[in-house]
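Coordinate analysis (summary)
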Amino acid sequence: MTTAALRYDILIAGAGHAGAQSAIALRQRGYQGSIALLGDEADPPYERPPLSKGYLAGDKPFERLLIRPARFWGERDVALLLGRTIVTVDPVAHQVTLGDDGRIDYGTLVWATGGAPRRLVCSGHDLTGVHGVRNRADVDRMIAELPDVTRIVVIGGGYIGLEAAAVLTKLSKHVTVLEAQDRVLARVAGEALSRFYEAEHRAHGVDLRTGVTVDCIEERGGAACGVRLADGHVLACEMVIVGIGIIPAVAPLIAAGAAGTNGVDVDAQCRTTLPDVYAIGDCAAHANSFADGATIRLESVQNANDQANVVAKAQTGAAEDYDAVPWFWSHQYDLKLQTVGLSIGHDATVVRGDPATRSFSVIYLKQGQVRALDCVNATRDYVQGRALVVDRRVIDPALLADTSVPLKAMT
Ligand code: FAD
């Protein structure tokens, strides 16, 4: 006997940042229909950024990561369906099937599933002691192993790898960071910022190596015991952390016929090519005006929240296009990086302030226009620079570099 499918007016797939904000924004905007927030993790929605920062360090208990207290969802009449995975989507029947054979009908489906850590393709990638950093379970596994670990190899010099390296170094672990490109943060920042962070990590005792290719993970007794480099050198370690990006979790949507190559394609209101199916957050490939209209995915809390708000508006009769200013942050040691705008495609940079003081900004220009700022311990530049990015101001680079003139005086 088959049981009847549940039905919700809005089914949100993925109970992370974007999914949670969708439900919050829908109710805030007075949406009266039924809402389910379904996710494959066991916990109510929580903040991911602390996973590579305060939570890994042991400074922030999990309860402080919750996006809302657990009771919030019931109080807002949002059905929280946790520990459940959507495996197929039938866009004609407006129905999803779950890994546990359940089925749920929807009026509108909001796809907010983020992504899974990209894995190494070499041998040993799945050994005990090899970790991705995406969810609470990943980090809890790492924390449980840490007492028996003295040497850690971090593969990937992006924000997550570097944040983890900073925390683990402070926990007195011997950390090696391996980056395949010739500088860290190459995908997201300019050279000045990369070189600054490389120097900081080395000054804190991290063995940071760039231009290094990994051959495989070495095994002893079923667990990782070293990382073999392409040149044959082996770095002995008890733990390997892999931070080489994510694969968007969109397989069920793509199998259902949604357009998308890197994630799932969405229009300006986050609609996929499937009827009544939206996609938001890390998995949504959208044309971004701050990237000159290029189709990109943004992996940030800002993007997750703002796209969720766009969907809530569309569902409550106040449709508007997504055009939010991108922003991001990263904490490493006592360095607070705040980024506004997108530096993609910049053709010039201005360093404002002296990196040696550990308080400075890198300003990215394209055809003379201010396009983005990376501000290190320089919150005033971050706040005041936003308007320059929004207006694409053309400002003499010598003036931008002059720290005696506040950026707000240039708007
Ligand atoms: P997620 O928050 O990942 O939520 C997606 C949820 O969907 C997950 O729970 C996933 O398990 C679930 N799911 C996937 N597939 C299915 C399925 N088929 N069925 C049911 N559920 C499914 N951003 C910043 O702006 N600043 C930072 O400092 C920062 N630091 C970060 C540090 C770490 C360690 C990580 C991992 C991310 C960090 N980010 C940061 C990025 C930010 O957390 C993400 O951009 C944000 O979480 C994206 O939200 P999302 O809802 O798209 O995806």
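Above this text is the structure in question.
Scope of this entry: the structure provided in the associated data block. (Residues numbered from 1 in each chain as written. Predicted model: local features only at pLDDT ≥ 70, side-chain atom pairs only at ≥ 80, totals over all residues. Heavy atoms only, no water.)

1. Observations regarding the packing of helix α1 (residues 17-28) against helix α8 (residues 301-315)
Two numbers describe how α1 lies on α8: the axes approach to 8 Å, and their chain directions differ by 35 degrees. Of the two elements, α1 crosses α8, and the hand of that crossing is right-handed. Where α1 abuts α8, its residues H17, A18, Q21, S22, A25 and L26 lie against V301, A304, N305, A308, N309, A312 and Q315. Residues belonging to the contact of α1 with α8 are distributed by class as follows: seven nonpolar, six polar and no charged. (Axes fitted to C-alpha atoms, helices over the stretch in contact; angles between N-to-C directions. Helix = DSSP H or I, 4+ residues; strand = E, 2+ residues; numbered from the N terminus. Left-handed = near helix turned anticlockwise from the far one by under 90°. Contact = heavy atoms within 4.5 Å. Nonpolar A, V, L, I, M, F, W, Y, C, P; charged D, E, K, R; others polar.)

2. Structural notes on the site of the ligand
Within the structure, the ligand sits among 32 residues, and D40, E41, K53, R134 and D282 are positioned closest to it. A18 is positioned with one of its backbone polar atoms (N or O) 2.8 Å from an oxygen atom of the ligand. One nitrogen or oxygen atom from the main chain of V301 is found 3.0 Å from an oxygen atom belonging to the ligand. Notes on the ligand: free accessible area 990 Å², of which the protein chains cover 95%. Looking at side-chain class alone, the shell around the ligand contains 14 nonpolar, 10 polar and eight charged residues. (Near = heavy atom within 4 Å. Polar contact = N/O pair within 3.5 Å; in protein donor to acceptor, adjacent residues only side chain to side chain. Areas by Shrake-Rupley, 256 points an atom, 1.4 Å probe, with all protein chains shown as cover.)

3. What about the pattern of salt bridges?
Scanning the entire structure with this criterion turns up 24 salt bridges. The salt bridge partner of K53 is E163, with a shortest N-O separation of 3.0 Å. On the criterion of sequence distance, the pair formed by K53 in the loop between β2 (35-39) and α2 (54-57) and E163 in helix α5 (residues 159-170) is long-range, its members being 110 residues apart. With respect to class, K53 is no different from E163; both count as buried. Put simply, E218 and R228 hold a salt bridge, and the shortest N to O gap is 2.9 Å. (Salt bridge = Lys/Arg side-chain N within 4 Å of Asp/Glu carboxyl O. Buried < 20%, exposed > 50% of the residue type's maximum accessible area, 1.4 Å probe, protein only.)

4. Quick look at helix α4 (residues 136-145)
Among all positions of α4, only D138, V139 and M142 are buried. End-on, the buried residues of α4 take up no more than an arc of 90 degrees, which puts them together on one face. Looking at the buried residues of α4, the elements they touch are α2, β7 (115-117), β8 (130-131) and β15 (239-242). The backbone nitrogen of A137 lies 3.2 Å from a side-chain oxygen of the residue at the head of α4, namely N135. (Arc of directions from axis to C-beta.)

5. Remarks on α5
Spanning 12 residues, α5 covers 17 Å between terminal C-alpha atoms, matching the ideal 16 Å at 1.5 Å per step. Summarising burial for α5: 10 of the 12 residues are buried, a large majority. When α5 is considered as a whole, its buried residues turn out to be Y159, G161, L162, E163, A164, A165, A166, V167, L168 and T169. One or two steps after α5, the chain reaches S172, where phi turns positive at roughly 70 degrees. (Expected span 1.5 Å × (residues − 1).)

6. Looking at the side chain of S52
Tracing the chain through its elements places S52 in the loop between β2 and α2. Side-chain polar atoms of S52 contact the side chain of E163, separated by 2.7 Å. With residues near it in sequence (within four places) discarded, S52 still touches V133, I160, E163, A164 and V167.

7. Let's talk about unusual backbone geometry
With a phi angle near 55 degrees, L185 is a residue other than glycine that sits in the positive phi range. For L185, the location among the structural elements is in the loop between β10 (174-179) and α6 (191-203).

8. Comments concerning the layout of surface pockets
Here the second largest pocket defines a volume of roughly 340 Å³. Lining the second largest pocket are 16 residues; nearest its centre among them are R119, V130, H131, G132 and D138. Elements represented by at least two residues in the lining of the second largest pocket include exactly β8 and α4. Top contributing element to the lining of the second largest pocket by residue count: α4, with three residues. Here the residues of the lining of the second largest pocket are counted per class, giving five nonpolar, five polar and six charged. (1 Å grid on protein atoms, 1.4 Å probe; cavity = no way out; pocket = protein on both sides within 12 Å on 5 of 7 lines; lining within 4 Å. Points joined across faces, edges and corners; volume = space filled by probe spheres on them.)

9. Some words on the pairing of strand β21 (residues 327-332)
As paired strands, β21 and strand β22 (residues 335-341) are joined by six bridges and run antiparallel to one another. Bridge pairing in β22 links S330 to L337. Taking the residues that link successive antiparallel strands as the turn, the β21-β22 hairpin has two residues, and the phi of Y333 there is positive, at about 55 degrees. (Pairing = 2+ DSSP bridges.)

10. Concerning the sheet that holds strand β12 (residues 214-220)
With respect to topology, three strands assemble into an open sheet ordered β12-β13-β14, the strand pairing being antiparallel. Edge strands, defined here as strands with exactly one partner in the open sheet, are β12 and β14 (234-236). Within the sheet, the average angular offset between the axes of one strand and its neighbour, ignoring direction, is 30 degrees. Pairing analysis gives six bridges linking β12 to strand β13 (residues 223-229), with the strands arranged antiparallel. For I217, the partnering residue across the bridge sits in β13 and is V227.

11. Here we look at the environment of L26
The residue L26 is located in helix α1 in this model. It is 9.7 Å that separates the C-alpha atoms of L26 and A314, two residues lying 288 residues apart in sequence. The contact partners of L26, leaving out residues within four places of it in the chain, are I10, Y31, I35, A312, Q315 and T316.

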